[in-house]
Structures are given as structure tokens and as C-alpha cells.
Amino acid sequence: MKDLRDWIAALERDGDLVRVRPRVDPHLEITGIADRAMKSGAPALLFEDVAGSDMPVLINQFGTERRMCAALGTDSLDALGGRIEALLDLQPPQGVVAKMKALGKLRELASFSSKLVREGPCQEVWLDEPDLDRVPILTCWPGDGGPFVTLPLVFSRDPVTGARNCGMYRIQKVDRRTAMMHWQIHKDGAAHLRDSQGRVPVAVAIGTHPATTYSATAPLPPGIDEMIFAGFLRGRSVEMVRCRTVDLEVPAESEIVLEGYVDATDLRPEGPFGDHTGFYTPVDDYPTFHLTGMSMRRDAVYSTTIVGMPPMEDFHLGKATERLFLPIIRMTLPDLVDMNLPLEGVFHNCAIVSVRKRYPGHAKKLMSAIWGLGLLSLSRCVIVVDHDVDVQDVSAVAFQAFSNVDAGRDMLVVEGPVDALDHAAPYFAYGS
């Protein structure tokens, strides 16, 4: 499988894709259908006749655990986590056989690096005058401030180190050549903008191999390139092609590419946006994305998703992150047994963890450590149970929490950063 089109063909062969042939409207209608499909565990949907556009729309490609596993080329997410754990085993090799195995690991790591190619399918059609009207960008919910690109791979560079970053941030369309970049305060893109104090070149890729798309959502440690991680997941390097108007590279396989810059001095109102919390994110000022170029494949497919109260596609993306990154977290917290970011917590609002307790206060130490780990620092609630409690059984965890807790002794309330989307916090991005 080399790109989104191979993925669509694979879904169809497996009976996990439905082609919707009647004409549909990108304003609320597609998302109304997709919302019901996601909540019922239905197949992926390919809308072939979209009003106002000649592009088909793919949605719900990650909508079940089975499809999420297929997207990452594995039979189970835990098995893929085991591959990561084996790769991270950095014990000094003892003996000839162990040294040969270590050499094989180094060769495997080297094969994951992205590969620069001279040209790619993503530039088959070039538009000197970018035109977002060509793309069937969805208006998801009735109160939304406009159409939003919801599954983009946003590439930028650290203005200090030059390191490439790829993240996934919603983009609100303003007009044919202008959009709003939702770079939240805790995100790498926002840090690039702060450090530049000016313009940050940006390239947005839409519609890639599903493992490449997932990699843009992965909370990788600093210094690890998302495209290397995508290469690891795919088992082959990601081919990248240079953009034409900005000094960045994008996956050559992309269906659509938007090139331009984000201006730190050009802030405008963005939102509202119906979010996974069940509330609309209120209007706030975010930087403007000015397009300088646009390209696409012939017969391009627009890949998108919607967010809202779970279950949605983002729940399955988040569950993949939970299982894949558990071995990395265990490197820092070896007494951590298991972790569950349950559907009811909308991924980052609740973390249930089990610990092999060794001394008084161990559970509270674990909680503090979790609140210091990357985006887990935004967890509203951390529930710690003993090692013999199955954290994947929410009912069993509830029994322990409701029947075996003394509030004065067992609860710890701290103040610190919270998600910028947190509607319950008393202050923006800060609460308890």
C-alpha cells in the first residue's frame, strides 16, 4: 500500500467502504451522514458526487479499531507497540548474535528516513492562483464559523533549529486564498510562530497514506521527525517532494497540497467550532494562513473527518496513540503497568493507569509524572489503581474509585495547564 488510493482500494476489497453516489452537500449534509455512520461502526464512506466540486470526499477511514489496525499495517495495536518496545531496547549487546541483531536494528532505523524525490503525483496539477473553492471543505456543525479542513498534515520548521515538524491543526477557510491556522498555545506550530516573530512558511498536505496521516497526530518526543515515524509504521521510507513557493517538503503521494505562510502579526477571529467536548470552541484570535501556491493530483480525493461527542474517528486515532506510546512512557515510568484513555474522557480528559506500588506515595508520584509528560500534562483527571485492576474495564475501575476511596486521603488537586479547548476551566488554558 503506497498511498490513499491503495488504502481506498483495500477498504473496498475488505467490504469496509461504501460508495455514496447520490449528490450530497458539503454544508452539514455529509457530516450529518458521517456522524451517524461513525457512531454505529459503519464502513468508510466515499461520497462521489459532492455539490460545488468535482472531488470525491473520503470520511470515516479510521472509524473502527479494525480499520485503525489495517491503516497501520498490524493485526493489533499492542503488537505494534511491541515493535516499538523492541526497537527502543538499547541494552549493550553481549555476544556475536546480539551484536548482529543490534546491527539489524540500526539498518532498519536507517531505512525509515524520508526520501527526497524530484517530482511527485501531488504536483500533477499546479494552480498559480490558489483556489480553496476547488476543495469541498466541510461545514461540520450548524454553529460553526465556516468550513474547516479537519485532517491536514501541517508542515513547518523550527526557526531556531531548522527541524521539520508535522502536526494536525484544524484550518478555517476564509476565502479562496486565505484561511485561519488553529495553532493552540501548547502546540509546536505556535512555538515556531513565537520564535519567528514574523512569517513562518507552511505547507499543508491533505490525503496521504493512512499511517502518514496518523503520524501527524502522534505526540512524538522532541527531535523525532514525524515522517521517520511514518516510515517505521509503513515499513518503508516516505517519499517527499519540494514545494514550489516555500522551502518545505511534503509527501509526494499527497492528494492536495497548500503552500503559503502564517503571519505572527496577522491575527483574526477563528471559530466557533463544534468540538469533541460536545461544546463549540468559542471565537478567539489565531494567525492567518496566506496561500502562495496550490497543487493536486489528477482526480484528487479530499480526505477529511469530523469531531464531536464520541465515538468518532479521533477516538480510534487516540486509542492507537495510547497503545503505541505506552512502551515509551514505561521507559520513564517503569512501574506503570497499563494505561487507558477511555472514550468517556474524550481521550485527554481522563487517564486511567495501574501501578505496581512499592512505597508510600508512589501513586501520587506517578500522577505528578504523568502531568509532566508532553500532552498528557493536559489530562484533567488521572485515576491510579493497583496493578491487578484491569484499567481497560471501566466498570472495574469505577468500582474501585467509588467504593474504596477516602476523599481526604486519596484525592490530589493541583493547578496547571489544561487544554485550550477546555470549556470548564476558569481561565484560558489554565485550571485544575
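This text goes with the structure placed above it.
Residues numbered from 1 in each chain as written. Predicted model: local features only at pLDDT ≥ 70, side-chain atom pairs only at ≥ 80, totals over all residues. Heavy atoms only, no water.

Enquirer: I'm lost on the packing of aromatic side chains in this one. Help?
Expert: Remark: the centre distance and the inter-plane angle together describe each pair of aromatic rings, the angle taken between the planes. One pass over the full model with this rule turns up 6 aromatic pairs. Relative to Trp-183, the ring of Tyr-169 has its centre 6.2 Å away and its plane inclined at 80 degrees; by these criteria the two rings are edge-to-face. In this pair, Tyr-169 sits in the loop between β8 (164–167) and β9 (171–175) while Trp-183 sits in the loop between β10 (178–181) and α6 (188–196), placing the two residues 14 residues apart along the sequence. Each ring, one from Phe-229 and one from Phe-325, has its centre 5.8 Å from the other, and the planes form 50 degrees; the classification is tilted. Note that Phe-229 is positioned in helix α8 (residues 226–234) and Phe-325 in helix α9 (residues 313–332), a separation of 96 residues in sequence. Both residues of the pair, Phe-229 and Phe-325, belong to the buried class. Joined through ring pairs, the aromatic side chains of Phe-112, Tyr-214, Phe-229, Phe-232 and Phe-325 make up one cluster. Over the aromatic face of Phe-232 sits the side chain of Arg-83, whose NZ or CZ is 4.3 Å from the ring centroid. (Phe/Tyr/Trp six-rings, centres within 6.5 Å; stacked < 30°, edge-to-face > 60°. Helix = DSSP H or I, 4+ residues; strand = E, 2+ residues; numbered from the N terminus. Buried < 20%, exposed > 50% of the residue type's maximum accessible area, 1.4 Å probe, protein only. Lys NZ or Arg CZ within 6 Å of the ring centre and 35° of its normal.)

Enquirer: Would you explain helix α2 (residues 29–39) in this entry?
Expert: Since there are 3.6 residues in each turn of an α-helix, residues three or four apart along the chain are aligned in direction. For α2, every residue scored as buried is listed here: Ile-30, Thr-31, Ala-34, Asp-35, Ala-37 and Met-38. In an axial view of α2, the angular spread of the buried residues amounts to 170 degrees, which keeps them on one side of the axis. For α2, the secondary structure elements touched by its buried residues are β2 (44–47), β3 (57–59) and α9. Gly-41, located one to two residues past α2, shows a positive phi value of around 70 degrees. (Arc of directions from axis to C-beta. Contact = heavy atoms within 4.5 Å.)

Enquirer: Can you walk me through the pattern of salt bridges in this structure?
Expert: Side-chain pairing between opposite charges can occur once the charged atoms of the two side chains come close. Under the definition given, this model contains 33 salt bridges. A salt bridge links Asp-3 to Arg-297, with the shortest nitrogen-to-oxygen separation between them at 3.2 Å. Within this pair, whereas Asp-3 is found in the segment before α1 (4–13), its partner Arg-297 is found in the loop between β17 (284–296) and β18 (302–303), the two being separated by 294 residues in sequence. Grouping residues by exposure puts Asp-3 and Arg-297 together as buried. Within this structure, Asp-78, Lys-319, Glu-322, Arg-323 and Asp-338 form a network of salt bridges that share partners. (Salt bridge = Lys/Arg side-chain N within 4 Å of Asp/Glu carboxyl O.)

Enquirer: Looking at this structure, I do not really get the sheet that holds strand β13 (residues 249–251). What am I missing?
Expert: Adjacent strands of a sheet form backbone hydrogen bonds with each other and so pair up, either parallel or antiparallel. In space, the 3 strands of this open sheet follow the order β4-β12-β13, with mixed pairing throughout. In this open sheet, the two edge strands, each paired with only one partner strand, are β4 (115–117) and β13. Direction aside, neighbouring strands of the sheet carry axes that sit 45 degrees apart on average. Judged from the 3 bridges that link them, β4 and strand β12 (residues 239–242) form a sheet pairing that is parallel. Each residue of the ladder has a partner; that of Leu-116, found in β12, is Met-240. (Pairing = 2+ DSSP bridges. Axes fitted to C-alpha atoms, helices over the stretch in contact; angles between N-to-C directions.)

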